[in-house]
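Observations on the model geometry
As a plain string of letters, each chain reads:
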Amino acid sequence: LMKTNDLKHKEGRYYTIGAQYSLLLASKSIAENDNQVYNHINIAVTQAVRGADMMPNDVFANEVAGFVYESGWKYLPGEVLNEARKYYKKASELEPNNPSFYVSLGRIDLIEMQSIKALDDESVKRKKNLAKNARELFSVAESKLTLVDEYAPVYYYLATASEFLG
């Protein structure tokens with residue numbers, strides 16, 4: 001796959017697919033408890049970003065980049081959840097009636113909320129703000145559903161955020 005990327009360096013889809021494959025290898029590494037997970041995730045990020053950069057108006061490329069950052073947040077340094085947000089937001093701008101991007105954006109807020117371990121007043125306030133924002137995003141996702149949609153994650157995450165807020 002890497003050789004194909006070198007030969008076809010002008011086609012972003014190769015990088016997007018390569019990112020998915022690298023993320024699959026990272027999942028396998030996690031399951032097998034080997035130390036290659038960081039390598040696979042870093043490759044996935046590099047490829048996903050390259051694919052999204054080459055195809056900035058491609059919904060799928062932006063969704064994959066967001067998903068790679070979201071999936072690798074425990075293994076990557078820095079503000080990776082903000083990177084995930086950036087790509088999911090771009091995908092939602094490109095395809096504004098797709099509820100899954102709003103679910104993904106809300107899920108990022110829940111991940112960040114759950115990663116805050118401190119119990120001081122400022123941390124609790126931050127967690128509540130994240131939960132409120134997540135609930136709003138899930139409500140937007142719900143409003144994008146049509147009568148034929150059966151998208152259970154919207155209702156699951158909406159209930160999760162609402163439960164936290166009481």
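None of these values were measured; they are calculated from a predicted model. (Residues numbered from 1 in each chain as written. Predicted model: local features only at pLDDT ≥ 70, side-chain atom pairs only at ≥ 80, totals over all residues. Heavy atoms only, no water.)

Let us look at the environment of Asn129. Inspection of the secondary structure puts Asn129 in helix α7 (residues 121-144). Here the alpha-carbon distance between Asn129 and Ile116, two residues 13 residues apart in the chain, equals 12 Å. (Helix = DSSP H or I, 4+ residues; strand = E, 2+ residues; numbered from the N terminus.)

At Asn33, a residue that is not glycine, the phi angle is positive and equals roughly 55 degrees. Summarising the element assignment, Asn33 is placed in the loop between α2 (12-32) and α3 (37-54).

Looking now at the side chain of Ser92. Topologically, Ser92 is positioned in helix α5 (residues 80-94). Apart from the residues within four sequence positions on either side, Ser92 is in contact with Phe101, Tyr102 and Leu105. (Contact = heavy atoms within 4.5 Å.)

A separate point is the environment of Ala65. Assignment of secondary structure puts Ala65 in helix α4 (residues 59-71). Along the backbone, Ala65 and Leu81 are 16 residues apart, and their C-alpha atoms lie at a distance of 11 Å. Ignoring anything within four residues of it in the chain, the contact list for Ala65 reads Ala48, Ala52 and Tyr87.

Further remarks concern the packing of α3 against α4. For the pair α3 and α4, interaxial distance at closest approach is 8 Å and the crossing angle is 155 degrees. Classed by the angle they form, the pair α3 and α4 counts as roughly antiparallel. α3 and α4 meet at a crossing whose hand is left-handed. Counting all contacts with α3, which are made through Ala44, Val45, Ala48, Val49, Gly51 and Ala52, the residues of α4 involved are Ala61, Asn62, Val64, Ala65, Val68 and Tyr69. Looking at the contact of α3 with α4 residue by residue, the classes come out as 10 nonpolar, two polar and no charged. (Axes fitted to C-alpha atoms, helices over the stretch in contact; angles between N-to-C directions. Parallel < 35°, antiparallel > 145°, perpendicular 65-115°, else oblique. Left-handed = near helix turned anticlockwise from the far one by under 90°. Nonpolar A, V, L, I, M, F, W, Y, C, P; charged D, E, K, R; others polar.)

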